[in-house]
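So you can see what is in the structure, the chains are spelled out below.
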Amino acid sequence: MKPLIEVQDLAVSYDTYAGEVQSVRGVSFRILKGQTVALVGESGCGKSVTAKTLMGLIEKPGRVKEGSRIFYEGEEISGYDETKWNGFRGKEISMIFQDALVSLNPTMRIGKQIKENLSNHFPKIGRQEQENRAVEMLRKAGIPDAELCMGKYPHELSGGMRQRVMIAMAMITKPKMLIADEPTTSLDVTIQAQILELMQELQEETGMSILMITHDMGVVADIADEIIVMYAGKIAERGSCREVFYHPWHPYTWSLLNSVPRIDAAKGQKLAAIEGNIPDMTLPPKGCGFCERCPYAMNVCREYMPDGAKVREGHEVWCWLTDNRADKSGLPFRIERNFEAKGAGISESRSTGKEGERAAGAGRKTDGR
Ligand code: SF4
């Protein structure tokens, strides 16, 4: 299947007084039509910056570095000027953010904001038609009294309703892709589930792709076809939702999965926090970005960047644990096979260590896809 979006070797930096902050350092991925891809990682790992580049939203002091290429339906969009981006963003790809109250205009009624977004991209649509479409879209977004909502200001709505309005506003132009940047973080779990369900319903109806940006592996399990785990501006692991949940290979993915609340956890059991902080991206590590926090870091990890290894079909990992050139003699678990031969797999019985056992059992929810 042809990809809707293809990103090749994307690198984004911010020039600051402290130096060049290397937010994204050579990221490549593709998103197929109708696919939901989750970009996962802690704050500051580069996932939001990556998403912004797809909308042409990197502003000074940020810059997309030379050699980065982005294709949309086969056409290179990375070289677009501002006029072209203005015609593209909001029409072909729309974006919703965590805080609808900040994203919506507080001084403008909901209806006007939605209609304005529509008329910006489709100026030939008449006023009555704009009104009809806005009301219909609000209804689809699950707003019970859509006509009444049209006349309200954002502060008159609850957090969940505002997020629905944001989705309606993003969807009114029938974009081929929706980027959702932590769309449910500020909502309680019930509303969170409703918003995710709404996004899936709209996806089924329109066939759009979704790029979900989140730090929450629980959210990912419900919605993603594919997961891309990012750390320190690079991809650490990627694969289908099932692969990453049931056969995670990167120690950072293990940590992320271990920090998700589990229904079968013992009473009083504390959630595992990831010790340490993300690296200073003005001076990113020479080798693996996770080496300062990784309990299995070897000498080679500090000196050299790991190559990507295909651990199973459609599942890639960037970690020295999968490379037979690394000396793994000091590790608390054993890896029985290596990945140097393309397509080779690691034995499932690799682990005898505590962390490894946790990792092996990290999958906690089938995606059913
Ligand atoms: Fe840990 Fe080394 Fe793998 Fe990085 S490359 S995650 S430091 S084992």
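Anyway, here's the lowdown on the structure attached to this text. Everything numeric here is computed off the predicted structure, so don't read it as measured data.

**Considering the overall build of the chain**
Part 1 of the reasoning: Across its full length, the chain carries 13 helices and 13 strands.
Part 2 of the reasoning: The C-alpha atoms of the chain give a radius of gyration of 22 Å, which matches the 21 Å a tight globule of 369 residues would have.
Part 3 of the reasoning: For the chain, the spread of C-alpha atoms along the three principal axes comes to 70 × 50 × 40 Å.
Part 4 of the reasoning: Across the 369 residues in the chain, those meeting the buried criterion constitute 52%.
Part 5 of the reasoning: Residue pairs at least 24 apart in sequence account for 65% of intrachain contacts in the chain once pairs closer than 6 positions are excluded.

**Focus on the pairing of strand β5 (residues 69–72)**
In the case of a regular strand, side chains alternate between the two sheet surfaces.
Part 1 of the reasoning: Pairing of strand β1 (residues 3–16) with β5, which is carried by four bridges, proceeds in the antiparallel orientation. Directly across from Glu6, in β5, lies its bridge partner Phe71.
Part 2 of the reasoning: As consecutive antiparallel partners, β5 and strand β6 (residues 75–76) are separated by two residues, and within that stretch Glu73 has a phi angle of approximately 50 degrees, a positive value.

**Here's the deal with the environment of Trp254**
Part 1 of the reasoning: Here Trp254 is to be found in helix α11 (residues 251–258).
Part 2 of the reasoning: Residue classification places Trp254 among the buried positions, given a relative accessible area of 1%.
Part 3 of the reasoning: Placed 250 residues apart in sequence, Trp254 and Leu4 show a C-alpha to C-alpha distance of 30 Å.

**Topic: the site of the ligand**
Part 1 of the reasoning: Neighbouring the ligand are His250, Pro251, Cys288, Phe290, Cys291, Cys294, Tyr296, Ala297, Cys301, Cys319, Trp320 and Leu321.
Part 2 of the reasoning: Its residues assigned to classes, the shell around the ligand shows 11 nonpolar, one polar and no charged.

**Some words on the sheet that holds strand β13 (residues 315–318)**
Part 1 of the reasoning: Ordered by their spatial adjacency, eight strands build an open sheet running β7-β8-β9-β3-β10-β11-β13-β12, and the pairing between neighbours is mixed. Two strands lie at the open edges of the sheet, namely β7 (93–96) and β12 (308–312), each paired on one side alone. Here the strands of the sheet are splayed against their neighbours by 20 degrees on average, with no regard to which way each runs.
Part 2 of the reasoning: Bridge count between strand β3 (residues 36–40) and strand β10 (residues 226–231): four bridges; the pairing is parallel. Following the sheet pairing, Val37 is matched in β10 by Glu226.
Part 3 of the reasoning: Set on the sheet, helix α8 (residues 189–206) makes contact with β3, β7, β8 (177–181) and β9 (209–214); between it and β9 the angle comes to about 160 degrees.
Part 4 of the reasoning: Helix-sheet contacts for α11 involve β3, β10 and β11 (234–240), and the interaxial angle to β10 is about 105 degrees.

What counts and what doesn't
- Residues numbered from 1 in each chain as written.
- Predicted model: local features only at pLDDT ≥ 70, side-chain atom pairs only at ≥ 80, totals over all residues.
- Heavy atoms only, no water.
- Helix = DSSP H or I, 4+ residues; strand = E, 2+ residues; numbered from the N terminus.
- Rg over C-alpha atoms; globule rule 2.2 N^0.38 Å.
- Buried < 20%, exposed > 50% of the residue type's maximum accessible area, 1.4 Å probe, protein only.
- Contact = heavy atoms within 4.5 Å.
- Pairing = 2+ DSSP bridges.
- Near = heavy atom within 4 Å.
- Nonpolar A, V, L, I, M, F, W, Y, C, P; charged D, E, K, R; others polar.
- Axes fitted to C-alpha atoms, helices over the stretch in contact; angles between N-to-C directions.

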